[in-house]
Each structure stands twice: as C-alpha cells, then as structure tokens.
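A structural walkthrough
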Amino acid sequence: MKRSVFILLYLMLFCVTSCIHKTNVKEEYENLEKLGGVANEECNIIYVDTLKINSSETSLKGYWLIMDNKLCFADEYIVKVIMYDTLGNKLSSFFSRGRGPREFLSPPLSFFQLENGNYFYSDRNQFLSIVSTYPEFEKLTEINLLRAVLPLRNTENYINNLLKNPDPEDYAMYEICLQSRDFMEYQGSVLFPVSTDHIKYNGYERAFSRNFYRGAYNIMSIDTSNLSINRLFCRYPNVYESKNIPNFKNCHLATDGKFLYVAFEASPNIYIYDENYKIIGYFGEIVRSINTEYPETFTYEQSRKLYKTHRKEYGYYSYVSHYGEFLFREYIVPGGAKGIQIYDGHNLVCSQLLKDSDFTVIGYIYPYYYAVMDCNLDNEEYSIVKFLIEK
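Residues numbered from 1 in each chain as written. Predicted model: local features only at pLDDT ≥ 70, side-chain atom pairs only at ≥ 80, totals over all residues. Heavy atoms only, no water.

Observations regarding the sheet that holds strand β4 (residues 81-84)
Keep this limit in mind: Each pair of strands is called paired provided DSSP finds at least two bridges between the two strands. A run of H or I in DSSP becomes a helix once it reaches four residues, and a run of E becomes a strand once it reaches two; helices and strands are each numbered from the N terminus. Between N-to-C directions, angles span 0 to 180 degrees; the directions come from axes that are lines fitted to C-alpha atoms, helices contributing only their stretch in contact.
Taken in spatial order, the four strands of this open sheet run β2-β3-β4-β5, and their pairing is antiparallel. The open sheet has two edge strands with one neighbour each: β2 (62-67) and β5 (90-94). Going from strand to strand, the sheet's axes swing by 20 degrees on average, the running direction of each strand aside. The pairing of β2 with strand β3 (residues 70-75) spans six bridges and is antiparallel. Within β3, the position partnered with Y63 by the bridge is A74.

So, the nonpolar core
Just so we agree on the cut-off: For our purposes a nonpolar core is just a set of buried Ala, Val, Leu, Ile, Met, Phe, Trp, Tyr and Cys residues, chained together by side-chain atoms within 4.5 Å. The buried label applies to any residue whose accessible area, calculated with a 1.4 Å probe on protein chains only, is under 20% of its type's maximum; exposed applies above 50%, and partly exposed to all values in between. Whether two residues are in contact is decided by their heavy atoms, any of which lying within 4.5 Å being enough.
By size, the foremost hydrophobic cluster in this structure holds 58 residues, and its most contacted members are F120, L128 and F192. If sequence neighbours within four positions are ignored, F120 has contacts with S110, F111, F112, L114, L128, S129, I130, F183, V190, I222 and L227. The next biggest cluster of nonpolar side chains, apart from the first, holds 17 residues, and it includes C43, I340, F359 and I389.

A few points about the environment of A337
Within the secondary structure layout, A337 lies in the loop between β22 (326-332) and β23 (338-344). Separated by eleven residues in the primary sequence, A337 and F326 place their C-alpha atoms 22 Å from one another. The contact partners of A337, leaving out residues within four places of it in the chain, are Y331 and I332.

Some words on the packing of aromatic side chains
This is how it is decided: Here the aromatic set is Phe, Tyr and Trp, taking the six-membered ring for Trp, and pairing holds for ring centres within 6.5 Å; pairs whose planes are under 30 degrees apart are stacked, those over 60 apart are edge-to-face, and all others are tilted.
On inspection of all chains with the given rule, the structure shows 46 aromatic pairs. Aromatic side chains F73 and Y382 sit 5.2 Å apart centroid to centroid with 45 degrees between the ring planes, which places their arrangement in the tilted category. Taken as a pair, F73 in strand β3 and Y382 in strand β27 (residues 381-390) lie far apart in primary sequence, 309 residues in all. Each ring, one from F111 and one from Y121, has its centre 6.1 Å from the other, and the planes form 70 degrees; the classification is edge-to-face. Residue F111 is located in strand β8 (residues 108-113), and its partner Y121 is located in strand β9 (residues 119-123); the two are separated by ten residues in the primary sequence.

As for the pairing of β8
Burial analysis of β8 places five of its six residues in the buried class, the great majority of the element. Here β8 pairs with β9 via five bridges, running antiparallel. Across the sheet, the residue bridging to Q113 is Y119, located in β9. From the end of β8 to the start of β9, which pair antiparallel, there are five residues, and G117 there has a positive phi angle of about 100 degrees.

Concerning the pairing of β3
Counting buried residues along β3, five of its six residues qualify, which places the element largely inside the surrounding structure. Here β2 folds back onto β3 in antiparallel fashion, the turn holding two residues, of which D68 has a positive phi close to 50 degrees. Strand direction decides the pairing type here: β3 and β4, joined by four bridges, are antiparallel. Across the sheet, F73 pairs through a bridge with I82, a residue of β4. Where β3 folds back on β4, the antiparallel hairpin that results is connected by five residues.

Some remarks on unusual backbone geometry
With omega at 0 degrees, the peptide bond leading from Y366 into P367 counts as cis. Structurally, P367 is set in the loop between β25 (360-365) and β26 (368-376). Of note in the backbone geometry, Y277 takes a positive phi value of approximately 60 degrees without being a glycine. The topology assignment puts Y277 in the loop between β19 (270-273) and β20 (279-283). The exposure class of Y277 is buried, given its relative accessible area of 13%.

Brief notes about the confidence of the model for the protein
Which entries qualify depends on this criterion: pLDDT: the predictor's confidence for each residue, scored from 0 to 100.
On average, residues of the protein score 89 in pLDDT, and 93% of them reach the 70 mark or higher. Within the model, pLDDT remains below 50 along residues 1-24, and this stretch shows four contacts once partners closer than five positions in the same chain are excluded.

Some remarks on helix α6 (residues 300-314)
In an α-helix, one turn spans 3.6 residues; hence positions three or four apart end up facing the same way. Just so we agree on the cut-off: Expected span of a helix, by definition, is 1.5 Å for each gap between consecutive residues, and there is one gap fewer than residues. One fitted axis covers the seven residues ending at a residue, a second covers the seven starting there, and the bend at that residue is the angle between these axes.
Across its 15 residues, α6 extends 19 Å between first and last C-alpha, which sits within 8% of the 21 Å expected from 1.5 Å per residue. L306 marks the point of greatest bend in α6, at about 55 degrees. For α6, the complete set of buried residues consists of S303, H310, R311 and Y314. Against the buried residues of α6 lie β21 (316-323). Phi turns positive one or two residues past the end of α6, at G315, with a value near 80 degrees.

A few points about the pattern of salt bridges
As a reminder of what qualifies: By definition here, a salt bridge exists when the distance from a side-chain nitrogen of Lys or Arg to a carboxyl oxygen of Asp or Glu is within 4 Å.
By the definition in use, this model includes 13 salt bridges. A salt bridge links E138 to R102, with the nearest nitrogen and oxygen atoms 3.7 Å apart. Placement of E138 in the loop between β10 (127-131) and β11 (139-144) and of R102 in the loop between β6 (96-97) and β7 (103-104) is noted, with a sequence separation of 36 residues between them. Classification of E138 as partly exposed rests on a relative accessible area of 32%. Put simply, E241 and R214 hold a salt bridge, and the shortest N to O gap is 3.3 Å. One end of the pair, E241, is in helix α5 (residues 239-242); the other, R214, is in helix α4 (residues 206-215), and 27 residues separate them in sequence. What makes E241 buried here is its relative accessible area of 13%.

Below is the structure:
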C-alpha cells in the first residue's frame, strides 16, 4: 500500500512539473501583439560611392565591421585586425598569434568595441576575452567557455551525469554557435547565440527533438566586467514544434541599445525583447518567394547531407542588424540569391533582391551606411559601398 501511494505521489509530481515546464515554454510566445506593417511609402537606397581596398595583407577570408568610425577587417585565418579610414587608407593593424598579452591562439570569430571603450574578442575555440582600449589592445580577462561552465571539483562525475541526464537549464549544455557572429553588448552584458548537440537532447534526432525545441535556449549572456555567465534565454518559437527542420534553426540577433531583436531562419517574425529580457511583441513581413514548407529530417546524418540542398532549394530568413535609424534583415530566396528588408521602427519600408548577392551591410558612419562585397580575387581588392536611405 505504501509503495502504491509513493508511486502515485511521484507520478503526480512528475506530471505537475512537466506541465509547468511546458506552460512556461509556451507562455514566452503566447498572446504576442504584432506591431507595424508595410509602410505606405517605400524608401530608396541611393548609392554614393565605392571604396576599393587592396587585399594583399589579408588571407582573403574574413569579415568587415565598423568601430570608432573606422573600417576594420578581421581576418579569419590570420590572427590580425586591420583598421582603415573612411577613404580606404590603412591606419594600423594589431594582434598576432601567440600567448602574449596582445596575442591570441585563434583568429577572431567576433570582435567589437564595448561601451566602456574596451574590446571584446572571441574565437572558434570558445575563448572569450576583454581587451584594453586602443592603442594598447592588451588582454584584461580571458576564459574558455567550455571550462568556465564546469565545476572545479568532481568534474568527470558532473559531465557523466549530464550525459545521462541532459538539463537545458545547465550552462554546461551549451557552446558558442559557430554559424553566427551575432555577438553584441546589451544592458551591460555581451549576448551571443549558443547551441547544444547533446547525444540525448538535440534538434536532429526525432526521438529527442520535440523536447529540444520546447526547452533549449538560444542566447547566453555574460557580464562584461568579469566574463561570468548571468543568464540563458530565448527558446524556439512554435514553428519548430510542428516539424523537425534543423537545417533552418539558426537564431540571429540585433539591438538598437534600447531593445533586443531576435529572429529565426524559418520565420519572418522579429521578436522584441525589453531590458528585462521579456518578449513584448513582434514585427516582420513575409517574403513570398521563400518556400517555408521545409521538409523534415530525422537524423543528424540526414540533416547534414541535405543541409546545403535544402537551404538553396527553399530559401530562408537570415541575419538581422540595426544601424542608424533602420533595422536590416537579409534573406535568401530559392536558388541562392540574396535580398534585404529594411524596417523603420516596426514598419517595412523596403524589400528588394540585391544585384550583388555578396552585399552585406556592416554599419553606419554619419551620414552614410556602409556595405561590403566579397573580395574580387582577380583584382585582389575589396569593395566597400557607401549609400544613403531616402525616406
């Protein structure tokens, strides 16, 4: 009798706990108000000038950003960042490979300036660093994310237990999502997308994916003063519960300083988070040429095999960024051509396919917006486009 009562109580507790967990997950996206729409008048993109920058000092593989009103190239193969003025003249270069105070073992996955003047540097080996102000550029603090989330004692037992009993609330379940460079400062913390591919808790295997899309988080927040983790947030929206589409599960984020904007590849919605990390609404308009009737995959091997094929055949929504007055959202249509949406507030003011599919907006220096195109290998030069947005 006692055994039966114990089992009954256990089952009741389990069911209540499960229901609470599921309710909390669903509540994040319930009863949200759609804001904005399509503006009555579209804006115009006015191309002003194109800077040609010699690529001979680079590996030809990297990304551009704007810091302190300067154009910067972060090299993905060489541990180096090169700084140029807005006329394309080289000003300086910094960092090299090594273990010294101005050296790193791996090239930057993300590099940007913090509000206090210091810089944030991350690499593909999960190292996160705070770097002092220009021109010193010396490491002030550094952690390895994979080690920082583990306890100092009984580490092996901790890992073994987590392998047997995955817990989406545990920081050690996650690592930096290498498919994204969406690192940014917000409310005194650095935010970045994370992923988890636990053998028993992942978005690939159908046996585990339902719980994964209900409970896994997408964004980690760390304190800029000491690089300590202070929260996980942002679960998957409901579109991922209906079918298994891991080839379109990447999360992208942007901020205007006041609000955080989060978007996913399988949906036109852009979710708005306030300073309390609560979703207060969403906006975003459909690109009709994108076919979101994505086919399901059921294993990791099947997903990886079809990844490029599915993305090219169906299209998807891509990066979001916020510069100056506008939010930009890239998208890829079936066949691989790139388009861009421009939002003024919550209203869509421009949506068009780009003539150059490698056109990527990188920032704003008054009064111009800047975009970069892939390196021309024949001429060994980068093209930086200056443009205005006319309302």
